[in-house]
Structure formats: structure tokens, C-alpha cells
Amino acid sequence: MTIQFNNETFRDDYSFSNSDWAIKRFPFPFHEDSYMYSVNMEQHRGGPAGSVYEKRFDVDEHYVAEMRDRALVLADDPLRCQSLPHMTLAGWDLLELIMVSKSEDYPDLFELHRDGNRWRWVNKPMGIDDTFTFLDETTLPYGPMEYITRQAQGDFCVLDQRDDMLWMDAGMVTTQADWSLDFDIGMNFFEWHAPVPLAHEMGIFQRALKFLLNIQQGSPARRLNWTMTVNPLLDTSPENYHKWGIQKTSLTPENLGAKQHLRVELQTFFRLPRSNALVFPIRCYLCSFQDLMTMPKWGRRLHRVVRDLPEELATYKGFIDNRPMMLDYLSQYDDGLSTSRGIWPDLETEPPLQR
Amino acid sequence: MSAAPQKTKSGAEQIEVTVSAVVPVNDLVTRFEFSRVDGQPFPTFSGGAHTVVIMNDDGRRRMNPYSLMSDPADTSTYAISVRRDDAGRGGSLFMHTQVKVGDVMTLSYPVNLFSLDLRARKNLFFAGGIGITPFLSMIAQLERMNGNWELHYSVRSADLGTYADDLKTKYPNNVHVYYDDQSQSIPLTDLLDGQPLGTNAYVCGPKGMIAWVHASAKEAGWPDAQVHSEEFTAPQPGKPFEVRLCKSDMTIKVGENESLLEALEREGVDAPFLCRGGACGQCETTVVSHDGEFIHRDHWLDDDQHASGTKIMPCVSRFVGASLLLDR
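For clarity, every value in this text was computed on a predicted model and none was experimentally measured.

Moving on: the overall build of chain A. Broken down by element type, chain A carries 13 helices and 10 strands. Compactness check: chain A gives a C-alpha radius of gyration of 20 Å against a globular reference of 20 Å for 355 residues, within 12% of the reference. Along the longest, intermediate and shortest principal axes, the C-alpha atoms of chain A span 65 × 45 × 40 Å. Within chain A, the proportion of its 355 residues that are buried is 62%. Once the 36 positive and 52 negative side-chain charges of chain A are each reduced to a mean point, those two points are 4 Å apart.

Next up on the list: the domain arrangement of chain B. Residues and elements named next belong to chain B. By the assigned domains, chain B splits into domain 1 (14–108), domain 2 (122–229) and domain 3 (241–326). Contact with domain 1, which involves 19 residues of that partner, is made by 15 residues of domain 2. Taken together, the two surfaces of domain 1 and domain 2 that pack against each other cover about 1300 Å², and 61% of this comes from carbon and sulfur. The three residues of domain 1 that bury the most area against domain 2 are Asn26, Met69 and Arg83, which together make up 30% of that side's buried surface. There are one salt bridge connecting domain 1 and domain 2. With a shortest N-O distance of 2.5 Å, aspartate 71 and arginine 144 are connected by a salt bridge. The interface formed by domain 1 and domain 2 contains seven residue pairs in polar contact (both at pLDDT 80 or more). Sorting the residues of the side of domain 1 that touches domain 2 by element identifies β2 (29–36) and β5 (78–83) as the ones contributing at least two each.

Below, the discussion takes up the interface of chain A and chain B. At the junction of the two partners, chain A supplies 29 residues and chain B supplies 31 residues. Linking chain A to chain B there are two salt bridges. Among the salt bridges present, the one from Arg45(A) reaches Glu13(B), with a minimum N-O distance of 3.3 Å. Run the count over chain A and chain B and you get seven residue pairs in polar contact (both at pLDDT 80 or more). Mapped onto the side of chain A that touches chain B, the elements with two or more residues apiece are β1 (42–43), β6 (155–162) and β8 (221–230) of chain A. Here the side of chain A that touches chain B gets three residues from one element, more than from any other, and that element is β8(A).

We now examine the pairing of strand β4 (residues 118–123) of chain A. Residues and elements named next belong to chain A. Examined bridge by bridge, strand β3 (residues 110–115) and β4 share six bridges and lie antiparallel to one another. Along β4, the bridge assignment pairs glutamate 111 with valine 122. Remark: two residues form the turn of the hairpin made by β3 and β4, two consecutive strands paired antiparallel; glycine 116 in that turn has positive phi of roughly 65°. In this structure, β4 lies alongside strand β5 (residues 128–133), joined through six bridges in antiparallel fashion. If you follow valine 122 over to β5, its bridge partner there is aspartate 129. Hairpin connection, β4 to β5: the antiparallel pair is bridged by four residues, and glycine 127 has positive phi, about 65°.

What follows is about the pattern of salt bridges. All names here are of chain B. Following the criterion strictly, the structure yields 42 salt bridges over all chains and no others. In this structure, aspartate 224 and lysine 218 form a salt bridge, with 3.4 Å as the shortest nitrogen-oxygen distance. For aspartate 224, a relative accessible area of 54% gives the class exposed. Note that aspartate 327 and lysine 247 form a salt bridge whose closest N and O atoms lie 3.6 Å from each other. One end of the pair, aspartate 327, is in the segment after β16 (318–326); the other, lysine 247, is in the loop between β12 (241–245) and β13 (250–254), and 80 residues separate them in sequence.

Cut-offs applied
Residues numbered from 1 in each chain as written. Chains lettered and ligands numbered in written order. Predicted model: local features only at pLDDT ≥ 70, side-chain atom pairs only at ≥ 80, totals over all residues. Heavy atoms only, no water. Helix = DSSP H or I, 4+ residues; strand = E, 2+ residues; numbered from the N terminus. Rg over C-alpha atoms; globule rule 2.2 N^0.38 Å. Buried < 20%, exposed > 50% of the residue type's maximum accessible area, 1.4 Å probe, protein only. Lys, Arg positive; Asp, Glu negative; His and termini not counted. Charge placed at Lys NZ, Arg CZ, Asp CG, Glu CD. Domains from an automatic or database assignment. Contact = heavy atoms within 4.5 Å. Buried area = accessible area lost by both parts, 1.4 Å probe. Salt bridge = Lys/Arg side-chain N within 4 Å of Asp/Glu carboxyl O. Polar contact = N/O pair within 3.5 Å; in protein donor to acceptor, adjacent residues only side chain to side chain. Pairing = 2+ DSSP bridges.

Okay, here's the thing in C-alpha cells:
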């Protein structure tokens, strides 16, 4: 299909919106009526047609607007994109992975023509047509990682692997759930996860690290993570907390359905061939509560998950103060019926709201 | 998340290949070159990576890891060099005596357990015998990046100096070869002394050589994280033993000439693996109970774990005793 790209914003007037198509394919993250951490990894080898899992790098109706927002963030704060000197080769690996994947998965939108190391890259939605020499930084307007991630939705952490450990040594991070690349740069896996509650005691990170160290070329993996965001903001960074944190107090029972968004991260993991680094794309999807409620199963389930979430997690995810108001809203959409297993909306088989 | 559950199968992705060349290098070592059956380019890889070669030895499946020695940037071919081990379990002998140009074989995708530290200001390589192979791909990679490297290569004799002459000719300023039969040895203490800050050392060769480099570097004050080694252990034959598998609810027998991992695979138990040489950790298995002695041969578990009797690496380690119960 040809994608109609939205003309929308993720700041100021917040004109962001999801089409019916985007709501239906939203990666709802709860496969049952409750939530607890798990190393919920699976292979990233496609998925149902039209779903966000189908392609290696999903492109949707928000693509052009998200790239415009990224450029604005970088203009204000260039340190959102950093690459330590030894990570340039990994940047080229990433550029190749994204260009090859997108040109194969979306041939109507992207083209890659390779003649030895002479490459021509065509990005039709963004109006880019560049010819450059692969592995020669002087032939691109930015470093290879920055160049390609200015054209790819989601944040990208490029992790060096040394001494049976992963190191946050490069990244493009402008759509993050309240963490800072500038703060985390150079940290190891346990250091940058230090603020996460409960999971350390559960041994989650030891297991996750072992899994990630063993991700092999040709066998990418994925998982989902989630949090809550008031207003459709991509850039919920600590650097800008003074701008967006205050907006959490703007919720009212009347505006909550439109303003409160479930924020889901599709996290994928690819081993990079030349550098043996690991790239960790974190793709952010936003959906307002009122749009989620159009799927009766999601309405019932979201209420139960938010209601029963341990206090530490609601605090860490930043919505403990708003939880009572969110529950007042969500309870209207929970009629107590049981829900089918799995994350899919099952619109055809799940009964409509019984009230 | 179970979005689109797919069963994870054990081992890395695989590539069907045709043997494109079999080149005897000396009395013990033969080089095998491969091209892809489907005509696609090979995945590029990082210097130091290995592939697991899957051999069909008259119906018996053998899987041995070998370092990729070809230039990582050359996606038209993969090459490995195999040293014949007359006392081994037969994988290298199969390669030497059975594999012919035109044969179709299966290789795993590249896996790297011995990668370059790309921060290194200088790379100091120590190779012994067939341990030269991972350095060949590392050197090719570093040459393209204008990397700083130096090789110290210990061989038995000029006749058995695998690729020693090629390397000396191509890189006369970087390569130093030491011949055992001329009583030459690597001047390790001197070499470890006075290297520029940010130098990383890498060693691949016999067990004793690896231990020697680690110990000498430690003595000379090198940080552990700057000394890298790779050693694949071939599974050794041993007394047959019986294993009870809890999850699979079956009892299996491990024969004299097969590994525990191979016995699991023979019985259709899907056991995870990658390197099959005791190095990667992927096949780590929990011991539920045991009455007997373990013969641990892996480099993955530490000494305490070996002593605890709670874990075993089935790719290389064995057991002697009355009973062994595994969580598999």
C-alpha cells in the first residue's frame, strides 16, 4: 500500500492523530489482564501482514512528521546524537542495515543502488537523493549513524560489546521515555538500567544481558515496553522535563481521553556485522486513551492493568498521581467480561461494551 | 509479548554452500573455500568470527567450529583452514579425507566470540600454530581501517608454518615468526613491556600458550580487559554414561565417541548451542541432581561453578558416576 503521510506536530498545538488504520495496528503491549516485567523476547522475523512487526523497520503515516520533529530537537540540542570515536564502523553497519531493509521492504518509498562502494540512496517521502562512498565519512553531510537515523523513526542505541558486556557508546535519542543519552553515554548495561525498580532484584537484567550478548547475525530479536505520556510528545527527555513534566498536571476528567496517551516501544535488536556491535532501535508508538477505547478488549484490559500495577511501577512510569483519574475514565470501559488471550484487538470476536 | 510467536531453533542461521577449492597448505593443514549455492553474497563479518561447519559423515552429523580466515569485506567467498587431528573424534579427518570440490555443505552464519576491541590504539597478536586463522581476518579488517597491528607467530618449523611466509612477504614490518625447531620463542616479557597506552593483546593457540600470555600480562600489570583469547575445545571421547532428562522425560545414553550435546540432538531433544566448543555459554544446562564426578572442559563456567556441580556445558563436558539428572 502507499502510505499517506500525516502533516502533524508532536509539540505546541499537538496536531498528531492516528488514522483508523494506525489504531488497528497499534502495538498494544498487554497479552493478559495484568503486567509484570519479563524478558519477553521473541525473534524479529516478520509478523502478520500490515502489523508493526511485519517489516524490519516499520514505516507508518507519522514518518515524515517524526523526522521533522527529530530535526527540531537536534537543532536545539545536538548532544541527543553522539557517537564515541570507535563506533563509526558500527554507524556504517547501521546505515547499511537500514538502507538495505527499507529499500527491500518499501521499494515504492526507498531505493538503494550499489556499485561497489559507490552508493546512491533515494528517500522519496523526505525528498532525498544522495550519492556517497560507503565507509568514507567525508562523502556524507553527517556521520553515518546520524545521517541514516535522521531518516528512520525511533531512537537508536548502538551498543559496543566487550568483556561480556554491552556499552552505550553511540546513539540517536530524541523520542525517549525520560532518559538521556548524554547522561548514559559510555555506561554499561547495568549502569544505565540502574534506575529501574524491582527488575534488578528479579534477576531480569542478568538474564536479559545474557540473551542480548548472544544475539547473532541474521537472527534479530524484539520485545515491547510501555509507559504513559500526557499529550502526544515524542521528546519526553530529562533535558526538557521543565517543559513537559508540568503538562502532566493539565489532565482533567473531560480532557483525559484525548490527552492521555499510552506510549509503546517496539524494541528490536540486531547484531551488526563489521563491528560486532549490537543496535537497539526503540520505536515509539503513541495512542490516546479515547482511540484505544474503540477496541472493547483493549478498554477492558487497560483498566485492569493500570488498576493492578504495583505502586513502584506506576511511580517509575510517572503516572502515580494521575492514576485515580485515569481509573475513573477507564472503568467506564470495563464491564467485567473476560478477555481473549494475546495482544490483538480481536474486534470481530470480542463482544462490544455491555453497558 | 507473543505478538507472532515463532519457535526459536537452536544454533545460528545457516547457509548452503558449495566447496569451491580444497588447497593443501602443508602436511597438516588444508584450506577449504566455499561459495553460496543460491549465488547471493555471503554476510560480511567482523575479524575473529567463526562458522560452525555441518558435516554429513555417512549419516552421522558432525558440527565443528572453525575461524573464518577470509577477508570479511569479500562477500564472494568464505574460507577456513583445518588442521588434521589424527587422534580426534574424526571431524577434521572427515574434512581432510572426504570433502571434495563441488560438495554441498552447510555453514552457520558468522558468530564472533573473539572480536577486536575497536578502541585499541594498537593490536598485539600472539598466534600459535593453527591459532593463526582468526588473525588473518582481523588483519584484513584492520588493513582496510588503517589499524595499527603487530603479529608474533610461533610455529613448529618452516614447513609447518601455516601462512607464515605469505604473511611475512605481505607485511614485512608487522609480522614476526618464531620457529620451535630453531629454538626460537616469542620474547613475551619484552613485548608486553613498553607497549603504548591503549594497546590490546590477543592470543589464539594451544592451551598452554593462552595461559602463558594471560599470566605474563597480569604480571606485567596489564588490565584483564585488554587481553583477549579464544580457545575452542574439541569434545573428547570418554566412558559412556547415562543421563536422565526431566523436561523431556527420558533417559538417554551418551556413547564413548559422542558429546552429551550430540546425544541430546540424536534423541531429538532441542538443546540450545552456538559454538560447540565450550566458549559461548549458549548450551549451559542446570544439573538437578548427580551422584558422581563431572569432567568439565568448557571455558564458560568459572571454577566455583564447576565445583558446585549445578551446571554443565553439554557440548564438551562429560560425567562419570551412578546418576545424572538434568533440567532439559
